[in-house]
Amino acid sequence: MNDMQRDMYSTVFSLLVIGLAGFIMQRFFLPLIWAGILCIATWPLYRRLLARLRGRTVIAALLLTTAMACVFLIPTLLGLRQAIEEAPAIANFIANSNNNGLAAPALLDRIPLAGTYIHRWWLETLAQPHGLTHLFSEGSAGKLVSASAVLKSLGSQLFHRLVDFVFAFLCLFFFYKDGQALNLQIIHIGGRQFGMHRWDHYHQKIPTAIRATVNGLVLVGLGEGLLIGVGYAFAGLPSPALWGAVTGVLAIVPFGAPLAYLCAAALLAADGNTAAAISIAVWGSAVLFVADHLIRPAVIGNATRLPFLAVLFGILGGVETLGLVGLFIGPVLMVLLVTLWREAESLPTVSAGADGV
């Protein structure tokens, strides 16, 4: 067996092992990705905590993992408690609306321009028996014929999300604990495969892109919730702080904030406060436009040195293609693409006459 055959068999064996391992682990890819994103985004905080604990990696990893879990878990539990209290009534409402039809609100006719069309669409779909079934015939809504079926579906989804949550933070603990060794291994493997100089050029940009994206999405989203929450208070919406918090959480996802402030506007309109509802819709749309199209791409782009369009396409394209995790993967891929472009631009130009042609 010559060296070429040996290399070929070695490559096939390596790809086979990687493929089989990926096939076995595919259920846990999403928790692994989320754990990696959280680890990279909070790594500077872990390094400071590790220095204060004098290098005790296990304790530092455990404390920071617990703190990160509480950041996500406490608001989730508070919301879940409220949802459990309201779940039977909501499930019964959905089931009854699906079985008997949902009457069209009278205010639809008063919406300028599109009100007549929306009212007619509502009468032809949602107001009909099993209208929700036909509207969501591709999904699970077609099976929701009773309140118990609704609760069973919600419980199944909640259980799967809980499993992902547990595995994500279990992975996060080990990423913190063994992160330094893992980083050195990645540098060594990448440098051997692509050359140390080129790999240094790339691997330093990926953590920067992830941290910038996390900061841009989370901080800007919370800022949107704060500003729109002020509008809720001025408009006289009940529990403006709670509505503002929900808006801030949804604003982390592009186009998630309109779901909150438009629902708030609909609630005000249903109570007869048409002027307040319109003001909330206008104010929320203005804040959303400035934040999502100017501030958020600028925050991410300044840290990653990405053009505005690259940031925008990375965020929106990532969400459309990969879902929520695409919010962070999309900008990272744009960073790698722009780095490739700039690397190609910096290559020396070979003149046509250099080889005698």
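If you're wondering where the values come from, they're calculated on a predicted model, not measured in any experiment.

Draft legend 1. The arrangement of the overall build of the protein in detail. When its secondary structure is counted, the protein shows 14 helices and zero strands. Seen in sequence order, the protein has helices and strands lined up from the N terminus as α-α-α-α-α-α-α-α-α-α-α-α-α-α. Residues counted as buried form 31% of the 357 residues belonging to the protein. Surface summary for the protein: the accessible area is close to 22,500 Å², and the carbon and sulfur share equals 71%.

Draft legend 2. Up close: helix α9 (residues 205-235). In a regular helix each residue adds 1.5 Å, so 31 residues correspond to 45 Å; α9 covers 44 Å between its end C-alpha atoms and thus fits that length. At the exit of α9 stands Gly236, carrying a positive phi of roughly 80 degrees.

Draft legend 3. Quick peek at the packing of helix α7 (residues 179-194) against helix α8 (residues 196-203). Close contact between α7 and α8 brings their axes to 7 Å; oriented N to C, the two are set at 130 degrees. Relative to α8, α7 is oriented oblique. For α7 against α8, the interelement crossing comes out right-handed. Listed contacts from α8 to Ile186, Ile187, Gly190, Gly191 and Phe194 of α7 are Met196, Arg198, Trp199 and His203. Residues that form the contact of α7 with α8 fall into these classes: five nonpolar, three polar and one charged.

Draft legend 4. Structural detail: helix α10 (residues 240-251). The first and last C-alpha atoms of α10 sit 16 Å apart over 12 residues, in line with the 16 Å expected at 1.5 Å per residue. What α10 keeps buried is the set Gly244, Thr247, Gly248 and Ala251. Viewed along the axis of α10, the buried residues span an arc of 100 degrees, placing them on a single side of the element. In α10, the exposed positions angled more than 90 degrees off the buried face are occupied by Leu242 and Val249.

Draft legend 5. Region of interest: the pattern of salt bridges. Summed over the entire model, instances satisfying the criterion amount to two salt bridges. Here Asp164 ties to Arg27 by a salt bridge, and the two come within 2.7 Å at their closest N and O atoms. Within this pair, whereas Asp164 is found in helix α6 (residues 147-177), its partner Arg27 is found in the loop between α1 (3-25) and α2 (29-52), the two being separated by 137 residues in sequence. Among the residues examined, Asp164 registers a relative accessible area of 16% and is labelled buried. The shortest N-O distance in the salt bridge between Asp178 and Lys177 comes to 3.0 Å.

Draft legend 6. Here's a closer look at the nonpolar core. Membership of the largest hydrophobic core comes to 17 residues, with the highest contact counts inside it found for Tyr232, Tyr261, Leu268 and Ile280. Put simply, the parts of the chain that give this core at least two residues each are α9, α11 (257-270) and α12 (274-304). Top element by residues in this core is α11. It accounts for seven residues. Not counting residues up to four positions away in its chain, the partners in contact with Tyr261 are Ile228, Tyr232, Ile280, Ala281, Gly284, Ser285 and Leu288.

Draft legend 7. Spotlight on the packing of aromatic side chains. Considering all chains together, one arrives at five aromatic pairs under this definition. On the numbers, 5.1 Å between centres and 15 degrees between planes, the contact of Tyr46 with Tyr176 is stacked. With Tyr46 in helix α2 and Tyr176 in helix α6, this residue pair connects regions lying 130 residues apart in the sequence. Of the residues examined, Tyr46 reaches a relative accessible area of 1% and is grouped as buried.

Draft legend 8. View of the packing of α2 against α9. Two numbers describe how α2 lies on α9: the axes approach to 9 Å, and their chain directions differ by 90 degrees. If you check the angle between α2 and α9, you find them roughly perpendicular. Here Ile37, Ile40, Ala41, Trp43 and Pro44 of α2 come into contact with α9, specifically with Pro207, Ile210, Arg211 and Val214. Looking at the contact of α2 with α9, its residues break down into eight nonpolar, no polar and one charged.

Draft legend 9. View of a nonpolar patch on the surface. Together, Phe23, Ile24, Met25, Phe28, Phe29, Ile33, Phe167, Leu170 and Phe174 make up a nonpolar patch on the protein surface, roughly 850 Å² of accessible area in all. Listed by contribution, the elements that provide at least two residues to the nonpolar patch are α1, α2 and α6. Among the structural elements, Phe167 can be located in helix α6.

Draft legend 10. Quick peek at the side chain of Thr247. Position of Thr247 relative to the elements: it lies in helix α10. Assessed through its relative accessible area of 0%, Thr247 is described here as buried. A distance of 2.9 Å separates the side chain of Thr247 from the side chain of Tyr232, its partner in a polar contact. Look past the residues within four positions of Thr247 in its chain and what remains in contact with it is Gly225, Ile228, Tyr232, Ala257 and Ala260.

Draft legend 11. Broad picture of the side chain of Thr65. With respect to the secondary-structure elements, Thr65 resides in helix α3 (residues 57-100). With relative accessibility at 9%, the residue Thr65 sits in the buried group. From its side chain, Thr65 meets the backbone oxygen of Ala61 in a polar contact 2.6 Å long. Discounting chain neighbours no more than four positions away, the residues touching Thr65 are Phe169, Leu172, Phe173 and Tyr176.

Draft legend 12. Inspection of the environment of Gly323 at higher detail. With respect to the helices, strands and loops of the structure, Gly323 is situated in the loop between α13 (308-322) and α14 (326-345). We classify Gly323 as partly exposed; its relative accessible area is 26%. Considered as a pair, Gly323 and Val253 are 70 residues apart in the sequence and their alpha carbons are 9.9 Å apart.

Rules and cut-offs
Residues numbered from 1 in each chain as written. Predicted model: local features only at pLDDT ≥ 70, side-chain atom pairs only at ≥ 80, totals over all residues. Heavy atoms only, no water. Helix = DSSP H or I, 4+ residues; strand = E, 2+ residues; numbered from the N terminus. Buried < 20%, exposed > 50% of the residue type's maximum accessible area, 1.4 Å probe, protein only. Areas by Shrake-Rupley, 256 points an atom, 1.4 Å probe, with all protein chains shown as cover. Expected span 1.5 Å × (residues − 1). Axes fitted to C-alpha atoms, helices over the stretch in contact; angles between N-to-C directions. Parallel < 35°, antiparallel > 145°, perpendicular 65-115°, else oblique. Left-handed = near helix turned anticlockwise from the far one by under 90°. Contact = heavy atoms within 4.5 Å. Nonpolar A, V, L, I, M, F, W, Y, C, P; charged D, E, K, R; others polar. Arc of directions from axis to C-beta. Salt bridge = Lys/Arg side-chain N within 4 Å of Asp/Glu carboxyl O. Core = buried A, V, L, I, M, F, W, Y, C linked by side-chain atoms within 4.5 Å. Phe/Tyr/Trp six-rings, centres within 6.5 Å; stacked < 30°, edge-to-face > 60°. Patch = residues over 30% accessible without salt bridge, like charges linked within 9 Å, V, L, I, M, F, W, Y side chains within 5 Å. Polar contact = N/O pair within 3.5 Å; in protein donor to acceptor, adjacent residues only side chain to side chain.

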